[in-house]
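Descriptive structure summary
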Amino acid sequence: LGAWSEATGYPTTGRFYQDRLWTASSTAEPQTIWSTGTGTYNCYSPTTVKEGLVLDTSAITVTLADAQVNEIKYLAGDTSGLIILTSGGEWLGRASTAQAAITPTDLGFQKSSTYGSANGLIPVHAGTSLLFVQRDTKVVRELTYQFGEDRFVAPNVTLLSEHITGGGVIDSAYQQGRTTRIWYVREDGQLLTLTFEKAEEVMGWHRQKLAQSSFGQDAVVSSIASTIDNTTDNVWIMVKRIVGAEDHYYIEMFE
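Every chain's residues receive numbers from 1 upward, in the order its sequence appears when written. Only residues with pLDDT of 70 or above have their local features reported here, since the model is predicted, and side-chain atom pairs are shown and tallied only from 80 upward, although totals for entire chains, interfaces and linings are computed over all residues. Note that the side-chain values use all heavy atoms of the structure and ignore hydrogens as well as water.

Focus: the environment of Gly127
Elements are defined by DSSP. Helices are runs of H or I of four residues or more, strands are runs of E of two residues or more, and each kind is numbered from the N terminus. With respect to the helices and strands, Gly127 occurs in the loop between strand 9 (124-126) and strand 10 (129-133). Relative accessible area decides the class of each residue, using a 1.4 Å probe on protein chains only: under 20% of the type maximum gives buried, over 50% gives exposed, and in between gives partly exposed. What makes Gly127 exposed here is its relative accessible area of 69%. C-alpha separation for the pair Gly127 and Phe196, spaced 69 residues apart in sequence, amounts to 9.5 Å.

Below you can see the structure in the form of C-alpha coordinates.
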(Lines give C-alpha, C1' and ligand atoms only; values in the text may rest on other atoms or scores of the structure.)
Protein backbone atom coordinates (compact mmCIF):
# COMPACT_ATOMS: atom_id res chain seq x y z
CA LEU A 1 0.00 0.00 0.00
CA GLY A 2 1.41 3.37 -1.01
CA ALA A 3 1.48 6.46 1.18
CA TRP A 4 -1.60 7.80 -0.62
CA SER A 5 -4.78 5.89 -1.38
CA GLU A 6 -8.53 6.05 -0.93
CA ALA A 7 -8.00 4.37 2.44
CA THR A 8 -5.21 6.66 3.73
CA GLY A 9 -6.20 9.85 1.91
CA TYR A 10 -4.32 12.22 -0.38
CA PRO A 11 -2.28 15.42 0.25
CA THR A 12 -4.29 18.59 0.74
CA THR A 13 -1.61 21.19 0.00
CA GLY A 14 1.48 21.54 -2.18
CA ARG A 15 4.18 23.89 -3.42
CA PHE A 16 7.08 23.97 -5.87
CA TYR A 17 10.30 24.81 -4.04
CA GLN A 18 13.98 24.34 -5.03
CA ASP A 19 12.95 22.45 -8.17
CA ARG A 20 10.95 19.92 -6.15
CA LEU A 21 7.22 19.40 -5.76
CA TRP A 22 6.42 19.36 -2.03
CA THR A 23 3.08 17.96 -0.89
CA ALA A 24 1.71 17.50 2.61
CA SER A 25 -1.07 16.46 4.96
CA SER A 26 -3.01 13.34 4.03
CA THR A 27 -5.86 11.97 6.15
CA ALA A 28 -3.70 9.28 7.75
CA GLU A 29 -0.55 11.43 8.02
CA PRO A 30 -1.56 15.07 8.57
CA GLN A 31 1.95 16.08 9.76
CA THR A 32 3.92 14.44 6.94
CA ILE A 33 5.58 16.16 3.97
CA TRP A 34 6.53 14.35 0.75
CA SER A 35 8.95 15.80 -1.79
CA THR A 36 9.65 14.53 -5.29
CA GLY A 37 13.17 14.15 -6.57
CA THR A 38 14.88 17.25 -7.94
CA GLY A 39 13.44 18.07 -11.36
CA THR A 40 11.31 14.89 -11.44
CA TYR A 41 7.86 15.99 -10.31
CA ASN A 42 6.25 12.53 -10.53
CA CYS A 43 8.97 10.50 -8.79
CA TYR A 44 8.89 9.99 -5.01
CA SER A 45 11.51 7.24 -4.87
CA PRO A 46 13.85 7.73 -1.85
CA THR A 47 16.71 5.91 -3.63
CA THR A 48 17.92 5.11 -7.12
CA VAL A 49 15.90 2.23 -8.56
CA LYS A 50 18.75 -0.12 -9.50
CA GLU A 51 21.56 0.71 -7.06
CA GLY A 52 19.46 1.69 -4.06
CA LEU A 53 21.58 4.81 -3.46
CA VAL A 54 20.39 7.94 -1.65
CA LEU A 55 21.43 10.95 -3.73
CA ASP A 56 21.11 14.66 -3.07
CA THR A 57 18.43 14.66 -5.78
CA SER A 58 16.43 11.80 -4.24
CA ALA A 59 12.92 12.26 -2.89
CA ILE A 60 12.32 13.19 0.75
CA THR A 61 9.67 12.19 3.29
CA VAL A 62 9.53 14.03 6.63
CA THR A 63 7.07 13.86 9.52
CA LEU A 64 7.15 16.90 11.80
CA ALA A 65 8.03 15.89 15.34
CA ASP A 66 5.80 17.75 17.78
CA ALA A 67 4.09 17.20 21.11
CA GLN A 68 0.69 16.93 19.41
CA VAL A 69 -0.65 16.24 15.95
CA ASN A 70 -1.20 19.52 14.06
CA GLU A 71 -2.49 19.31 10.50
CA ILE A 72 -0.33 21.02 7.88
CA LYS A 73 -2.42 23.73 6.24
CA TYR A 74 -0.08 25.45 3.80
CA LEU A 75 3.44 25.34 2.32
CA ALA A 76 5.35 28.38 1.06
CA GLY A 77 8.82 28.90 -0.35
CA ASP A 78 11.14 31.59 1.00
CA THR A 79 14.81 32.47 0.57
CA SER A 80 15.26 31.41 4.20
CA GLY A 81 13.67 27.98 3.72
CA LEU A 82 10.41 26.09 3.31
CA ILE A 83 7.65 27.67 5.40
CA ILE A 84 5.14 25.22 6.85
CA LEU A 85 1.94 26.53 8.43
CA THR A 86 0.02 24.06 10.61
CA SER A 87 -3.07 24.22 12.79
CA GLY A 88 -0.82 24.53 15.84
CA GLY A 89 2.23 26.49 14.76
CA GLU A 90 4.63 27.78 12.12
CA TRP A 91 7.68 25.78 10.99
CA LEU A 92 10.77 26.40 8.86
CA GLY A 93 12.54 23.66 6.92
CA ARG A 94 16.00 24.32 5.53
CA ALA A 95 19.49 22.92 5.00
CA SER A 96 22.42 23.50 7.38
CA THR A 97 23.22 26.78 5.61
CA ALA A 98 20.88 29.34 4.07
CA GLN A 99 22.60 29.07 0.68
CA ALA A 100 22.40 25.26 0.46
CA ALA A 101 19.50 23.27 -0.99
CA ILE A 102 17.47 20.84 1.11
CA THR A 103 18.61 17.24 0.51
CA PRO A 104 17.83 13.86 2.14
CA THR A 105 21.04 14.13 4.18
CA ASP A 106 21.02 17.87 4.88
CA LEU A 107 17.72 19.07 6.24
CA GLY A 108 16.18 20.31 9.48
CA PHE A 109 12.69 21.40 10.54
CA GLN A 110 12.15 23.76 13.47
CA LYS A 111 9.04 25.31 14.97
CA SER A 112 9.17 29.12 14.99
CA SER A 113 5.89 30.01 16.75
CA THR A 114 2.69 28.43 18.02
CA TYR A 115 -0.17 30.58 16.68
CA GLY A 116 -1.64 28.17 14.15
CA SER A 117 -3.43 28.87 10.86
CA ALA A 118 -7.13 28.99 10.06
CA ASN A 119 -8.65 26.21 8.01
CA GLY A 120 -9.35 26.96 4.34
CA LEU A 121 -7.75 30.43 4.27
CA ILE A 122 -4.75 30.67 1.95
CA PRO A 123 -2.05 33.04 3.26
CA VAL A 124 -1.18 36.11 1.20
CA HIS A 125 2.33 36.99 0.02
CA ALA A 126 2.96 40.74 0.26
CA GLY A 127 6.53 41.71 -0.56
CA THR A 128 8.82 39.76 1.75
CA SER A 129 6.03 39.02 4.22
CA LEU A 130 3.48 36.24 4.42
CA LEU A 131 0.20 37.28 6.03
CA PHE A 132 -1.91 34.48 7.48
CA VAL A 133 -5.10 34.30 9.51
CA GLN A 134 -4.71 32.77 12.95
CA ARG A 135 -6.74 29.65 13.72
CA ASP A 136 -9.42 31.68 15.57
CA THR A 137 -10.04 33.52 12.21
CA LYS A 138 -10.06 36.88 14.03
CA VAL A 139 -6.34 37.74 14.10
CA VAL A 140 -4.14 38.42 11.06
CA ARG A 141 -0.42 37.87 11.54
CA GLU A 142 2.60 38.81 9.46
CA LEU A 143 5.16 36.02 9.19
CA THR A 144 8.51 37.66 8.54
CA TYR A 145 12.14 36.65 8.96
CA GLN A 146 14.25 38.36 11.61
CA PHE A 147 17.92 38.12 10.63
CA GLY A 148 19.13 39.24 14.07
CA GLU A 149 17.29 36.37 15.75
CA ASP A 150 17.72 33.97 12.78
CA ARG A 151 14.09 32.91 12.93
CA PHE A 152 10.60 33.82 11.79
CA VAL A 153 8.33 35.97 13.94
CA ALA A 154 4.60 36.57 13.54
CA PRO A 155 3.45 39.94 14.95
CA ASN A 156 -0.26 40.73 15.14
CA VAL A 157 -1.27 43.23 12.41
CA THR A 158 -4.81 43.58 13.82
CA LEU A 159 -3.53 44.70 17.24
CA LEU A 160 -4.62 48.34 16.86
CA SER A 161 -7.93 47.41 15.16
CA GLU A 162 -9.01 44.28 17.01
CA HIS A 163 -12.67 45.01 16.30
CA ILE A 164 -12.23 45.13 12.51
CA THR A 165 -12.47 41.37 11.85
CA GLY A 166 -15.70 40.99 13.85
CA GLY A 167 -16.64 37.34 14.22
CA GLY A 168 -13.86 36.22 11.90
CA VAL A 169 -12.82 36.23 8.24
CA ILE A 170 -13.58 33.61 5.60
CA ASP A 171 -11.64 34.67 2.48
CA SER A 172 -8.79 36.90 1.29
CA ALA A 173 -7.14 38.30 -1.84
CA TYR A 174 -4.04 40.32 -2.74
CA GLN A 175 -3.98 43.47 -4.90
CA GLN A 176 -0.78 45.19 -6.00
CA GLY A 177 -0.67 48.69 -7.42
CA ARG A 178 0.39 52.14 -6.28
CA THR A 179 -0.25 50.75 -2.82
CA THR A 180 -0.44 47.13 -1.72
CA ARG A 181 -3.88 46.08 -0.48
CA ILE A 182 -4.97 42.85 1.11
CA TRP A 183 -8.70 42.21 1.04
CA TYR A 184 -10.63 40.12 3.57
CA VAL A 185 -14.24 38.95 3.68
CA ARG A 186 -15.84 38.74 7.12
CA GLU A 187 -18.22 35.94 8.03
CA ASP A 188 -21.10 38.45 8.12
CA GLY A 189 -20.43 39.43 4.49
CA GLN A 190 -18.65 42.72 5.22
CA LEU A 191 -15.56 43.64 3.21
CA LEU A 192 -12.25 44.73 4.77
CA THR A 193 -9.07 46.12 3.27
CA LEU A 194 -5.58 46.29 4.75
CA THR A 195 -3.27 48.87 3.14
CA PHE A 196 0.13 47.29 3.64
CA GLU A 197 3.44 48.97 2.80
CA LYS A 198 6.04 47.21 4.94
CA ALA A 199 9.04 49.26 3.78
CA GLU A 200 7.29 52.51 4.80
CA GLU A 201 5.89 50.92 8.00
CA VAL A 202 2.33 51.61 6.83
CA MET A 203 -0.52 49.31 7.90
CA GLY A 204 -4.06 50.68 7.81
CA TRP A 205 -7.38 48.86 8.11
CA HIS A 206 -10.60 50.12 6.56
CA ARG A 207 -14.08 48.70 5.92
CA GLN A 208 -15.65 48.91 2.46
CA LYS A 209 -19.38 49.53 2.69
CA LEU A 210 -21.31 48.37 -0.37
CA ALA A 211 -24.51 50.04 -1.49
CA GLN A 212 -27.71 48.72 0.09
CA SER A 213 -30.63 47.33 -1.87
CA SER A 214 -33.77 49.35 -2.40
CA PHE A 215 -35.26 47.53 0.60
CA GLY A 216 -32.41 48.69 2.84
CA GLN A 217 -30.67 45.35 3.23
CA ASP A 218 -26.87 45.24 3.11
CA ALA A 219 -25.11 43.42 0.31
CA VAL A 220 -23.44 40.20 1.53
CA VAL A 221 -20.03 39.26 0.13
CA SER A 222 -19.25 35.53 0.19
CA SER A 223 -15.87 35.32 -1.56
CA ILE A 224 -13.14 37.43 -3.17
CA ALA A 225 -10.31 36.92 -5.66
CA SER A 226 -7.88 38.92 -7.78
CA THR A 227 -6.69 38.53 -11.36
CA ILE A 228 -3.92 40.25 -13.33
CA ASP A 229 -4.90 42.14 -16.50
CA ASN A 230 -1.61 43.22 -18.10
CA THR A 231 -0.28 45.55 -15.39
CA THR A 232 -3.49 45.90 -13.36
CA ASP A 233 -4.68 43.74 -10.48
CA ASN A 234 -8.46 43.40 -10.67
CA VAL A 235 -10.46 42.50 -7.55
CA TRP A 236 -13.58 40.35 -7.96
CA ILE A 237 -16.28 39.48 -5.43
CA MET A 238 -19.27 37.19 -5.30
CA VAL A 239 -22.04 39.15 -3.61
CA LYS A 240 -25.66 38.50 -2.67
CA ARG A 241 -28.11 41.31 -3.28
CA ILE A 242 -31.85 41.36 -2.66
CA VAL A 243 -33.75 42.33 -5.81
CA GLY A 244 -37.53 42.24 -5.86
CA ALA A 245 -37.63 40.48 -2.48
CA GLU A 246 -35.48 37.65 -3.89
CA ASP A 247 -31.83 36.75 -3.37
CA HIS A 248 -29.65 37.30 -6.41
CA TYR A 249 -25.95 36.41 -6.63
CA TYR A 250 -23.59 38.50 -8.76
CA ILE A 251 -19.93 38.32 -9.79
CA GLU A 252 -18.69 41.92 -9.64
CA MET A 253 -15.37 43.64 -10.28
CA PHE A 254 -14.17 46.83 -8.64
CA GLU A 255 -13.27 49.73 -10.91
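Quick look at unusual backbone geometry
At Ser25, a residue that is not glycine, the phi angle is positive and equals roughly 70 degrees. Its place among the elements puts Ser25 in the loop between strand 2 (20-24) and strand 3 (32-35). One non-glycine residue, Asn230, lies in positive phi territory at about 60 degrees.

Comments concerning the sheet that holds strand 12 (residues 151-153)
Across a sheet, paired strands are connected by hydrogen bonds in the backbone, their directions being either parallel or antiparallel. Taking strand neighbours across the sheet as the criterion, the four strands line up as 9-10-11-12 in an open arrangement whose pairing is antiparallel. The outermost strands of the open sheet, each flanked by one partner alone, are strand 9 and strand 12. Pairs of neighbouring strands in the sheet enclose a mean axial angle of 30 degrees, with direction left out of account. For strand 11 (residues 140-146) and strand 12, the ladder comprises three bridges, and the chain directions are antiparallel. Its bridge partner being in strand 12, Gln146 is matched across the sheet by Arg151. Pairing between two strands requires that DSSP report at least two bridges joining them. Between the N-to-C directions of two axes lies an angle of 0 to 180 degrees, each axis being a line fitted to C-alpha atoms and, for a helix, fitted only over the stretch in contact.

By themselves these figures say nothing about function.
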